[in-house]
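Given next are the chains, with one letter for each unit.
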Amino acid sequence: RTSALVKAKEKAEESDNLKTAFLANLSHEIRTPMNGILGFAELLKNEDLTKGNKDKYVSLIEQSGDRMLRLIQDLVDISKIESNQIEIIPEKTNLNSLMEKIYNFFKPQVDAKGIKLTLIKGLSNNESQIIVDKIKLEQILSNIINNAIKFTKEGRIDLSYSLSDKMLYFKIKDTGIGIPKQKEKIIFERFGQAENYKYSGTEGSGLGLSISKAFIELMGGDIWVESEQGQGAEFTFTIPYNPVDKEINKEQNRSEFVFPNDITILIAEDDEVSYFYLERILSNYNCKIIHARNGLEAVQFFNENPEIGIILMDLKMTGMDGISATSEIRKISTRVAILAQTAYASDGDQQKALDAGCNDYIIKPINKELLVEKIVKLLRMRNS
Ligand code: ADP
């Protein structure tokens, strides 16, 4: 018990030290770009400036502004992570294109430093069609590559990804200053930096890696570093490999069914995966989608968006269920098409849905072709 208390005390002290260091860094991190912005703005007032100098000052003000923005973005991310407000938004992404985009973005910067940058892609273009939160993945990679550039004076930075055991392994290896063994953990903690900031002279808040780690863990992966001080560092992180369903891919080329122009579809579904599935199928058609997470929201969103042409109503939702929501909506409109989606295959429930005012029903697991066919049929019926 005593040793547990001692450990807890040490941990609290460590976190307190990190916070104190962070506040000192924060002040430095804000003052440095502000110095650039205010200083060069002052110099710009000089009317005798040559065009060359003027352009240079403006560019330095922009760079300082960017640095400031990055810090603010990091602080916003950290507070969102602290309050559990980070949402993972998966979307269809071509990983090879994303990696090339990042490579091309950093190439000029790396060239300018005289360092070599390489990229090895571990999958064919087809296999690299995945479902992932593209924005967060880009943010993670950019952060780690930025660090690699920052801490490497000469040599090379090798960027690669590969697939193993249904996980994607991303590696960023540099020949920079490396990280002392005893700091390999702390750098992933909030405000944690390997060196005492005051002496390192490089910019940084110590937030980037802790943000990246939080994002990676939310996506179902892990991150670690292997390093030898003075010999460079190799960061590895993993995320699950979710290839785009080939059938959904094919669906994109289907043209037999065409939705009427600009149709708005309300999907009432409390299960995120089921919603995502419907959203993926419908994203191939010409429509706008609104997502309600329970019956109450379905009624509210329908009220607020009278242009909604069809509602895919899940019957079993927490709070107000689909049957009650349908009855409420029918009080407002008899015209909107309502397609019940039900996981129960008993006739009783289907009858209840029809009695409440649904026009038709579809049984889960939902067949893509049947869903689209039913939507087209209901929309035609509604318009005739
Ligand atoms: P920041 O770079 O803003 O300080 P990070 O959380 O991104 O914050 O990184 C934390 C610390 O980890 C850095 O300050 C640095 O000490 C160490 N670090 C990160 N990447 C590398 C690297 N490639 N080589 C050496 N040290 C690194």
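Before any of the text, the structure's been laid out above.
Residues numbered from 1 in each chain as written. Predicted model: local features only at pLDDT ≥ 70, side-chain atom pairs only at ≥ 80, totals over all residues. Heavy atoms only, no water.

Description of helix 3 (residues 95–113)
In a regular helix each residue adds 1.5 Å, so 19 residues correspond to 27 Å; helix 3 covers 27 Å between its end C-alpha atoms and thus fits that length. At Lys107, helix 3 is deflected by roughly 40°, the largest bend along its length, and proline Pro108 occurs up to four residues later in sequence. Where helix 3 is buried, its residues contact strand 1 (91–94), strand 2 (116–120), strand 3 (129–132), helix 4 (134–150), strand 4 (156–164) and strand 5 (167–174). Between a side-chain oxygen at the N-terminus of helix 3 and the backbone nitrogen of Asn96 the separation is 3.1 Å; the capping residue is Asn94. Downstream of helix 3 by one or two residues, Gly114 has phi in the positive range, about 75°. (Helix = DSSP H or I, 4+ residues; strand = E, 2+ residues; numbered from the N terminus. Expected span 1.5 Å × (residues − 1). Bend = angle between axes of the 7 residues up to and from the residue. Contact = heavy atoms within 4.5 Å. Polar contact = N/O pair within 3.5 Å; in protein donor to acceptor, adjacent residues only side chain to side chain.)

Focus: the site of the ligand
Contacts to the ligand come from 20 residues, most closely from Asn147, Lys150, Asp174, Gln193 and Leu209. For the ligand, an oxygen atom lies 2.7 Å from a polar atom in the backbone of Leu209. Burial of the ligand by the surrounding chains reaches 96%, relative to a free accessible area of 530 Å². Counting only elements with at least two residues in the shell around the ligand, the list comes to helix 4 and helix 6 (208–218). By residue number, the principal contributor to the shell around the ligand is helix 4, which donates four residues. Broken down by class, the residue content of the shell around the ligand amounts to nine nonpolar, nine polar and two charged. (Near = heavy atom within 4 Å. Areas by Shrake-Rupley, 256 points an atom, 1.4 Å probe, with all protein chains shown as cover. Nonpolar A, V, L, I, M, F, W, Y, C, P; charged D, E, K, R; others polar.)

Some thoughts on the sheet that holds strand 6 (residues 223–227)
The five strands are arranged 2-4-5-7-6 in an open sheet whose pairing can be described as mixed. One side of each edge strand has no neighbouring strand; the edge strands of this open sheet are strand 2 and strand 6. Shown here is a sheet whose adjacent strand axes are inclined to one another by a mean of 15°, direction ignored. Direction of pairing for strand 6 relative to strand 7 (residues 233–240): antiparallel, over a ladder of five bridges. Note that in strand 7 the partner of Val225 across the bridge is Phe235. On the sheet, helix 4 packs against strand 4, strand 5, strand 6 and strand 7 and is oriented at approximately 20° with respect to strand 5. (Pairing = 2+ DSSP bridges. Axes fitted to C-alpha atoms, helices over the stretch in contact; angles between N-to-C directions.)

Focus: the layout of surface pockets
Volume-wise, the second largest pocket comes out at about 440 Å³. What lines the second largest pocket is a set of 20 residues, and nearest its centre among them are Phe188, Glu189, Arg190, Ser210 and Lys213. Broken down by secondary-structure element, the contributors of at least two residues to the lining of the second largest pocket are helix 1 (2–44), helix 2 (51–82), helix 6 and strand 6. Tallied by class, residues from the lining of the second largest pocket come to eight nonpolar, two polar and ten charged. (1 Å grid on protein atoms, 1.4 Å probe; cavity = no way out; pocket = protein on both sides within 12 Å on 5 of 7 lines; lining within 4 Å. Points joined across faces, edges and corners; volume = space filled by probe spheres on them.)

So, the packing of helix 3 against helix 4
Running from amino to carboxyl end, helix 3 crosses helix 4 at an angle of 25°, the nearest separation of the two axes being 11 Å. Relative to helix 4, the element helix 3 is oriented roughly parallel. When you trace helix 3 past helix 4, the crossing you get is right-handed. Residues Leu95, Leu98, Met99, Lys101, Ile102, Phe106, Gln109, Val110 and Lys113 of helix 3 form the contact with helix 4, whose participating residues are Lys134, Leu137, Glu138, Leu141, Ser142, Ile145, Asn146, Ile149 and Lys150. Residues belonging to the contact of helix 3 with helix 4 are distributed by class as follows: ten nonpolar, three polar and five charged. (Parallel < 35°, antiparallel > 145°, perpendicular 65-115°, else oblique. Left-handed = near helix turned anticlockwise from the far one by under 90°.)

Here we look at the sheet that holds strand 9 (residues 287–292)
Read from one edge to the other, the open sheet built from five strands follows the order 9-8-10-11-12, with strand pairing classed as parallel. Of all strands in the sheet, those bounded by a partner on one side alone are strand 9 and strand 12 (360–363). The average undirected angle you get between the axes of adjacent strands in this sheet is 20°. Note: strand 11 (residues 337–342) against strand 12, four bridges, orientation parallel.

Quick word on the pattern of salt bridges
Per the counting criterion, the structure on display carries 18 salt bridges. Measuring nitrogen to oxygen at the nearest pair gives 3.1 Å for the salt bridge that ties Glu29 to Arg67. With Glu29 in helix 1 and Arg67 in helix 2, this pair connects stretches of sequence that are 38 residues apart. Exposure remark for Glu29: the relative accessible area of 5% places this residue in the buried category. A residue is classified by how much of its surface remains accessible, and Arg67, at 14% relative accessible area, is buried. (Salt bridge = Lys/Arg side-chain N within 4 Å of Asp/Glu carboxyl O. Buried < 20%, exposed > 50% of the residue type's maximum accessible area, 1.4 Å probe, protein only.)

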